[in-house]
Amino acid sequence: MEQLPLLIFLMTACWMDLARHKIPNWLTLSFIPLALAFHALVGEGPAFALTGLVYSFILLFPLFVFRFLAGGDVKLGMAIATFTGWQVFLEGLLYGLIIGLPLVLILAWRKVGWQGFKASFNRYGVILGTRRYLTPVEGELAGLKVPYGPALALGAALAVILNEFQIFTLVS
């Protein structure tokens, strides 16, 4: 039951990312102090939450710098880690990566269909053959921005549930 605020937060972030392709700062940046207060009052203590916050920043910020993740996804990860701690966060990140590939492919398929996939693969073939970069065109898979927040949220929820009920855990 103590995980309920996190699950509500994850559902909200997932819905907002799918609907608006943006996870708002007011959501993620307000959840971090709430998670810190929660752990200071009834949880594992503030050091537990701060460790999760710091480790997640160290891990996710380079992914933002190299444009693998958007800023909202990084802040979502930091909010998750502040509430769950670094160990469950790492599990959730792993599950999010596993869930993310098929989820991204499904969302991309819904937007561009077979023609968009085919156009991207043809463009990659031309790039390999000519050794020149060609920018993606409209309606092509490579030109899409697909939200990754739902994959991170689902991965975190799965890690929390598996750890809460002691079904499966990667960390002890």
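This is a predicted model, so every value here is computed, not measured.

**Q** Hey, could you run me through the packing of aromatic side chains in this one?
**A** For any pair of aromatic rings, the description rests on two quantities: the centre-to-centre distance and the angle between the ring planes. For the structure shown, the criterion picks out 8 aromatic pairs. Pairing Phe57 with Phe61 gives two aromatic rings, centres 5.1 Å apart and planes at 25 degrees, and the pair type is stacked. You can see Phe57 and its partner Phe61 sitting in helix α3 (residues 46–65), 4 residues apart, about one turn around the helix. Residue Phe61 is classed as partly exposed on the basis of its relative accessible area, which comes to 35%. Taking 6.3 Å as the distance between ring centres and 45 degrees as the angle between the ring planes, the aromatic pair formed by Trp109 and Trp114 counts as tilted. Judged by relative accessible area, which is 44%, Trp109 ranks as partly exposed.

**Q** What is the right way to read the pattern of salt bridges from this model?
**A** Oppositely charged side chains are able to pair whenever their charged atoms sit close together. This model, assessed by the stated rule, comprises 1 salt bridge. Between Glu140 and Arg123 there is a salt bridge; the shortest N-O distance is 2.5 Å. On the criterion of sequence distance, the pair formed by Glu140 in the loop between α5 (86–130) and α6 (149–164) and Arg123 in helix α5 is long-range, its members being 17 residues apart. Just as Glu140 is buried, Arg123 falls in that class too.

What counts, and at which threshold
Residues numbered from 1 in each chain as written. Predicted model: local features only at pLDDT ≥ 70, side-chain atom pairs only at ≥ 80, totals over all residues. Heavy atoms only, no water. Phe/Tyr/Trp six-rings, centres within 6.5 Å; stacked < 30°, edge-to-face > 60°. Helix = DSSP H or I, 4+ residues; strand = E, 2+ residues; numbered from the N terminus. Buried < 20%, exposed > 50% of the residue type's maximum accessible area, 1.4 Å probe, protein only. Salt bridge = Lys/Arg side-chain N within 4 Å of Asp/Glu carboxyl O.

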